[in-house]
Structures are given as structure tokens and as C-alpha cells.
Amino acid sequence: MSFRQNHLLGIETLAPDEIVTILDLADRYAELERGDNKHGDALKGLTQINMFFEASTRTQASFELAGKRLGADVMNMAMAASSLKKGETLIDTALTLNAMHPDLLVVRHPHSGAVNLLAEKVNCAVLNAGDGKHEHPTQALLDALTIRRAKGRLHRLNIAICGDIAHSRVARSNILLLGKMENRIRLIGPPTLMPAGVSEWGVEMYDDMQAGLAGCDVVMMLRLQKERMDGAFIPSEREYYHRFGLDAEKLSAAKDDAIVMHPGPMNRGVEIDGNIADDINRSVIQEQVEMGVAVRMAAMDLLAQNLRARRAEKGAQA
Amino acid sequence: MNILFKNARLIDPEAGTEDLGWLLVKDRMIAARGAGDTTQNAERVIDCAEACLAPGLVDIGVKIGEPGERHKESFRSAGAAAAAGGVTTIVTRADTTPPIDTPETLEFVRRRAQDASPVRILPMAALTKCREGREMTELGFLLDAGAVAFSDGDLVLRDSKVLSRCMVYARSLGALIVGHPQDPILSEGAAVTSGKFASLKGLPAVSPMAERMGLERDLALVEMTGVAYHADQISTAQSLPALRRAKEAGLNVTAGISIHHLTLNEFDVGDYRTFFKVKPPLRAEEDRVAMVEALREGLIDIICSMHTPQDEESKRLPYEAAASGAVGLETLLPAALRLHHGAGLSLADLFKALSLNPARRFNVPGGSLAEGAVADLILFDPNRPFVLDRFALHSKSKNTPFDGARLQGMVLASFVNGQCIYERNAS
């Protein structure tokens with residue numbers, strides 16, 4: 001099996017064959033999910049803890065469902081309301097949890113790199129469910145799976161990522177993943193929402209939607225991350241919608257069969273026209289949610305296999 | 001005790017020479033020196049076996065945790081670290097808790113330092129009360145009590161009117177002001193330098209331009225007031241033209257840089273390694289190279305360690321939440337020798353920036369091998385290689401970015417006032 005990771009901390013450390021391994025398995029789980037018996041037993045006997053230091057509904061529910069469908073014992077900890085408020089450090093929280101012998105730790109944290117730090121201190125598999133403005137690997141994987149199912153391939157596509165790139169961990173993970181799979185990536189957005197040094201990432205940059213969308217196969221919209229902004233980056237939401245919101249007119253610049261994606265939750269009327277979001281011929285937003293569960297099942301399955309192999313090796317040595 | 005050093009490579013930053021010769025220490029002073037061999041004798045004769053004898057390092061801007069954070073560094077531990085690192089004079093920062101902003105606190109620091117440390121410790125004092133940037137401290141009293149310069153450290157004075165008044169007042173006293181050139185608003189909350197690396201890692205970043213903006217503001221006020229001004233750390237190429245203009249215009253301006261910005265770059269942060277989080281943040285490699293060149297031509301005058309002890313707790317945090325700063329007293333010399341071995345700087349030029357220039361600029365003893373100068377000396381082997389183990393450091397805090405690094409150059413012995421304060425075991 002070509003999946004060699006102990007943790008899933010980001011796309012940066014994944015090789016293309018590992019990405020394909022995850023997606024292939026996720027495809028099978030997507031079929032399982034559509035059947036009457038949704039249960040697998042890949043995580044049977046294992047304990048999965050979801051630690052969310054940032055509020056989340058969708059991602060947390062997706063991880064919880066994925067774990068439960070594969071037979072894990074799943075526990076949710078809403079850390080935002082918890083010990084951190086009492087002054088406990090991240091490391092202490094990690095050590096406390098570690099003492100409960102979890103097998104899979106799913107972590108979201110507002111600081112970039114916090115999940116890497118945590119992974120050094122625990123002896124279980126850690127999955128990054130989003131750290132600061134750094135990475136959100138399972139989102140990129142589910143986007144990749146959705147694209148592959150809709151387009152029949154995951155290479156040599158023209159893919160536009162639009163909007164608030166600077167504050168988006170989804171954009172970073174997607175740029176890394178789609179770049180590794182050899183696609184042509186365009187970033188479209190106001191220059192205030194472009195990260196510094198982005199011209200060195202091997203992507204094309206546009207600040208005009210129609211020019212950027214011309215001939216695209218895939219249009220990925222990003223949410224305007226108002227909560228991560230520390231000041232005014234755009235003059236107003238209505239000007240933003242006028243220039244960068246996806247509507248039928250701007251979308252017409254893309255290929256006729258271009259698909260529209262959004263990681264959710266959407267700000268309708270800010271970055272995307274509600275009619276486009278609901279257009280079943282163009283929008284794959286609901287499928288993204290569906291693939292989210294499948295990709296997370298696959299990722300946890302693969303990490304659990306490696307975890308069991310590591311433990312067996314250790315047992316054999318002892 | 002009289003000491004005769006024989007067979008030593010005498011590193012003389014004033015003359016710019018490094019010749020083989022001898023040097024005699026008598027009554028705490030350098031009494032005589034010469035080339036080749038000598039018939040002089042003394043109570044103790046040290047055959048240096050062609051190791052280097054140089055004026056001890058004068059390190060500007062060292063943070064010691066007293067008062068307030070003795071668990072991070074005390075005068076005793078800092079003194080031991082300095083002695084082992086070849087630093088014979090420390091000029092301390094005022095960013096303690098409480099800050100050194102009254103003659104009484106300054107007096108406490110001087111007394112504690114004298115009791116606990118074998119090396120000279122001379123304090124800077126805060127420029128404004130509580131380092132809040134509103135009212136100037138009692139600059140006159142503090143000067144009388146022994147403050148060698150005035151600085152609010154990395155808290156940039158936002159109010160230019162307050163700063164200009166401080167400068168006018170300081171000028172009348174002949175006092176030196178040390179600034180931290182940085183635009184305080186652009187750099188707020190930043191953990192790394194903006195660019196490809198910062199964006200990939202998703203860390204809050206500051207443009208190198210913020211340093212130039214801070215420097216230009218300070219230099220304009222220096223031109224207006226005529227005060228003596230030292231920029232504590234210049235770290236980006238964008239700052240250099242402004243600095244050059246000011247010097248060419250004859251302003252009383254000098255500039256320093258930390259050894260970390262001369263030997264490391266932003267990529268060293270790697271996977272969120274918080275021991276590499278310093279202030280200002282590490283820069284691009286092009287900037288580092290430009291700084292080495294600026295040092296070579298004398299545009300940058302002083303190399304310091306920016307010794308900032310932090311305990312494990314304040315560093316074992318997510319990168320943006322972790323404390324800034326690195327210890328440097330013991331690694332200053334071996335790290336600086338990378339510039340000798342790697343970038344071809346002569347030892348004499350290196351000691352100009354490490355010893356002579358800071359001693360002159362801050363008007364403190366040391367920095368000279370001339371007859372009649374104080375006998376603050378170090379004996380070192382510039383070539384001996386070793387791998388740094390952070391737990392072997394004398395500092396209480398072990399937050400060095402050079403842990404596990406291969407370094408070259410080792411202090412064999414240190415002398416302050418002609419007294420041996422450190423001697424490396426012959427192992």
C-alpha cells in the first residue's frame with residue numbers, strides 16, 4: 001500500500017501516489033455510504049477524539065460520522081469552551097488526552113503549526129482539521145475527489161481559486177495538492193487578499209474575474225473570512241460582490257461544463273450568487289459535503305492501518 | 001598578578017593586525033606588548049601555542065532576568081555564560097519587570113551585578129517611564145547613576161513628539177539613545193518576515209519595509225535634534241540606503257545587528273521551530289548576505305548577541321503565540337567566526353564589530369590591546385570544531401537556535417581586569 005504517513009498534518013508532505021491511494025479508497029467508501037448498510041469495521045476497537053479549539057459544525061460532524069461509520073468510539077471535545085480558558089497550555093492538554101490512549105486525534109486550532117506541535121507530543125495518529133492560515137488537508141482531498149468524479153481526471157485541468165486567498169488554509173492545501181497533481185492553477189481576488197510572495201508559488205494571478213475564469217474547468221470559490229481579518233481588506237461587501245462575487249455573467253467566461261465549488265459555509269450574495277450555488281448542473285457543493293465523509297473515512301482507515309502496523313512491530317520487538 | 005602571554009596571535013582591531021607576539025599584563029592593565037619572542041617575565045607565563053589573544057567581547061543589549069524573571073536568567077548565570085563565551089563586558093537592556101526606569105532600580109542592578117558576576121555589567125536605562133512612551137525618565141539622574149545609554153528596547157516609541165523631546169533633552173546631556181527601528185503598526189503581531197515562506201506557513205508577517213520606515217523616522221528626528229543615536233538591529237537591505245545617507249550627512253549615528261541575522265535566515269524556522277523566533281524576525285537570505293557586506297564595509301558598526309533568555313514554557317507554544325528571543329552570550333563568538341571561516345572577514349575586522357566599536361560607542365572599558373588599556377582579554381582557538389549541546393550552556397534558559405549546530409572556534413580563557421575568570425578544561 002502506498003501510504004506511508006503516521007499523521008495527516010498537511011498536503012505538503014504527501015506524495016502524489018499517497019494522494020491517489022486516499023482518493024481510491026474514498027471512492028469505495030462513497031459507494032458504501034450510498035448503500036443500505038453504511039457500516040465498515042476498519043476502526044473497530046479504536047478511539048477517536050475530535051478536539052476543536054475553534055468552533056466548527058460541518059467539519060466536526062463530518063469527522064464524527066466518518067469515525068462512527070467505521071466503528072470507532074468517537075468523542076467530541078469543544079476546546080474553545082474548555083481548559084484553555086483555565087490557562088492550560090496546548091501541550092498539557094495534549095498530554096492529558098494522551099493518557100486516555102486515543103488512537104486517532106482530530107484537531108482544529110486557530111494557530112498555524114499548532115497541530116504539528118501537538119503531533120510531536122502524543123503517540124497516536126493526528127489529523128489536521130485546519131490550523132490557522134496554514135493547512136486543511138482533508139478539505140483539499142475532498143475537493144480533489146469531487147473534481148476527479150466530476151471531470152474523470154485530476155490532472156491537466158484549468159482550476160481557478162477565487163476570493164480570500166490570504167486568510168484561507170483551504171486555498172493553501174488546494175494549491176499544494178492540485179499543483180502536485182499537475183494542474184494549471186489561477187488565483188483570482190483583490191490584491192489585499194493575496195498572500196505575499198504568492199507569485200513564487202507557480203500559479204497565475206488575476207484581479208479580474210472574467211479574465212481569470214476564461215477557459216476554466218473548475219471554479220473554486222472561497223468564503224470571505226471575516227473572522228480572520230484584522231482590519232479592512234475590502235471597501236465593502238457590495239463592491240466585493242460586484243467585482244469578485246460569482247454570478248452567471250462572470251461564470252460564462254469559464255468553460256460551458258465548468259463546475260462550481262465552495263468549501264462552505266457560504267455567504268450568499270457576497271462571494272457567490274445563490275442561484276449559482278443551487279444550480280444542480282453547475283454546482284457540486286452538496287457532493288463536496290458527501291465526499292468529505294468518504295475522504296475522512298479513507299484517511300482515518302489508512303492512518304489506523306499504519307498505526308496498527310507500528311504497534312505490532314513494537315510488540316514484536318518487546 | 002602579572003601575566004605574560006607568549007606566542008600568541010594578537011588580534012588588534014584598532015591597528016587591524018593579527019601578528020604573532022607577546023603581551024604583558026601588569027596591575028590590571030596591558031603594560032607592554034611586542035612582536036616575536038620576549039625576554040620579559042611575570043608571575044604567570046602562558047604559552048598560547050599560537051592561539052588568538054584578543055580584547056574581550058563587548059555585548060550590547062543583553063537581557064538579564066533581574067529584576068522580575070530570575071527563573072530565566074540571573075546575574076550569576078549570565079555572568080558565567082558570558083565568561084565562558086568570551087564576553088567581558090555586558091551592556092544590559094532595560095526591559096525587565098519592573099523596567100529599569102528609576103535611579104533606584106538602576107542602583108539595585110549595579111549592586112547585584114557587581115556581587116554576582118565576574119564580567120563587567122553596565123546597564124542601559126529606559127527612555128520613558130515604564131517604557132510606555134509617554135514621559136521621559138529622569139535621564140540626568142540615571143546618567144549620574146551609571147546608565148550608559150537609554151532605550152525602551154523593542155517597544156517602539158509611537159509618539160514622535162515625545163521621542164523628539166527625549167532626544168533634545170538627551171542631547172543636552174550628551175547621552176546616547178538606542179532605538180529599535182520598526183514601524184510599530186505595520187509590525188504589530190508579526191511572527192515572521194512576509195514572503196513566500198510566511199505565506200506557505202500561514203504565519204502573521206511583517207514587510208521588511210517596516211524596519212526602513214522606523215529607521216527613516218528616527219533618522220529624521222536625529223537630524224532635527226542632533227542626538228547621538230544607535231539603531232539596535234538593522235536587518236534588511238532596504239534599510240541600508242537610509243543608514244548610508246545619514247552617515248554620509250555626518251549625523252551621529254551607528255547601527256548594530258544581532259549575530260542571528262548575520263548567520264541564519266527565515267527558512268531556518270522550518271516546521272515552526274520557535275527557538276528561531278526573534279525580533280525582528282529572521283530575514284530572507286538576500287538580506288542576510290547584504291548585512292554581511294554592510295558589516296564588511298563598516299556601514300554596520302556593531303554585532304551583538306541580543307541575548308534574550310526564555311524558558312521552555314514560553315517557547316513550547318504554537319509559533320505565533322511563542323515568546324521571541326534567543327540566548328546568545330555563549331554562541332556569539334563561534335557563530336561570528338562563521339563569518340571569518342565562511343565569508344572571509346578578517347579576525348581584526350570581526351573584533352572591531354564585536355569589541356572595539358561597541359566599547360567606544362557606549363563609552364565602556366575594553367576593546368583595545370593598546371598599552372595602558374584595561375586587561376579585558378580572551379584567549380581562543382578560532383578553528384577548534386564542536387557540536388553545540390544546548391544543555392551544556394551556562395545560561396539558565398537554553399533557547400538557542402544553534403542547538404546541534406556544527407560550530408568552529410572555542411574560548412580557552414577569559415580575563416577581566418587582568419584576572420582570569422574562566423579557563424577551559426584541557427580536555
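Details of the structure are given in the entry above.
Residues numbered from 1 in each chain as written. Chains lettered and ligands numbered in written order. Predicted model: local features only at pLDDT ≥ 70, side-chain atom pairs only at ≥ 80, totals over all residues. Heavy atoms only, no water.

**Student:** Run through the interface of chain A and chain B, naming residues and quoting values.
**Tutor:** The interface is formed by 20 residues belonging to chain A together with 17 residues belonging to chain B. Surface buried jointly by chain A and chain B totals about 1500 Å² across both partners, of which 59% is contributed by carbon and sulfur atoms. Sorting the residues of chain A by area buried against chain B places H111, S112 and W201 of chain A first, and these three jointly supply 27% of that buried surface. Between the two partners, chain A and chain B, sit one salt bridge. The partner of E12 of chain A in a salt bridge is K201 of chain B, and the shortest N-O contact between them spans 3.5 Å. At the surface where chain A touches chain B, the tally comes to five residue pairs in polar contact (both at pLDDT 80 or more). Put simply, the parts of the chain that give the side of chain A that touches chain B at least two residues each are α3 (90-98), α4 (114-121) and α6 (169-180) of chain A. (Contact = heavy atoms within 4.5 Å. Buried area = accessible area lost by both parts, 1.4 Å probe. Salt bridge = Lys/Arg side-chain N within 4 Å of Asp/Glu carboxyl O. Polar contact = N/O pair within 3.5 Å; in protein donor to acceptor, adjacent residues only side chain to side chain. Helix = DSSP H or I, 4+ residues; strand = E, 2+ residues; numbered from the N terminus.)

**Student:** Which residues make up the sheet that holds strand β9 (residues 259-261) of chain A, and what are the values?
**Tutor:** Residue and element names in this part refer to chain A. Strands sit in the order β7-β6-β5-β8-β9 across an open sheet of five strands; the sheet is parallel. Of all the strands in the sheet, the pair left with one neighbour each is β7 (204-206) and β9. Along the sheet, successive strands turn relative to each other by an average axial angle of 20°, direction set aside. Of the strand pairs in this sheet, strand β5 (residues 158-162) and strand β6 (residues 184-188) are connected by five bridges, and their pairing is parallel. Bridge pairing in β6 links C162 to I188. Helix α5 (residues 137-151) contacts β5, β8 (218-221) and β9 of the sheet and is inclined by roughly 165° relative to β9. (Pairing = 2+ DSSP bridges. Axes fitted to C-alpha atoms, helices over the stretch in contact; angles between N-to-C directions.)

**Student:** Give a detailed account of the side chain of E211 of chain B, specifying residues and quantitative values.
**Tutor:** By the element assignment, E211 of chain B lies in helix α6 (residues 209-225). With near-sequence residues (within four places) excluded, E211 of chain B lies in contact with P181, Q182, Q233, I234, S235, T236, S239, P280 and R283 of chain B.

**Student:** Lay out empty space enclosed by the protein in plain terms, naming residues and giving numbers.
**Tutor:** Using a probe with the size of a water molecule, rolled over the atoms, empty space left in the structure can be pinpointed. Residues and elements named next belong to chain B. Using the criterion set out here, one finds four cavities of 30 Å³ or more in the structure. Volume-wise, the largest cavity comes out at about 140 Å³. At the level of elements, α4 (160-173), β9 (176-179) and α6 are the ones that each hand at least two residues to the lining of the largest cavity. In terms of residues, the lining of the largest cavity owes the most to one element, β9, which gives three residues. Partitioned by chemical class, the residues of the lining of the largest cavity number nine nonpolar, four polar and three charged. In this structure, the second largest cavity encloses a volume near 40 Å³. Of the residues in the lining of the second largest cavity, the class split is eight nonpolar, one polar and two charged. (1 Å grid on protein atoms, 1.4 Å probe; cavity = no way out; pocket = protein on both sides within 12 Å on 5 of 7 lines; lining within 4 Å. Points joined across faces, edges and corners; volume = space filled by probe spheres on them. Nonpolar A, V, L, I, M, F, W, Y, C, P; charged D, E, K, R; others polar.)

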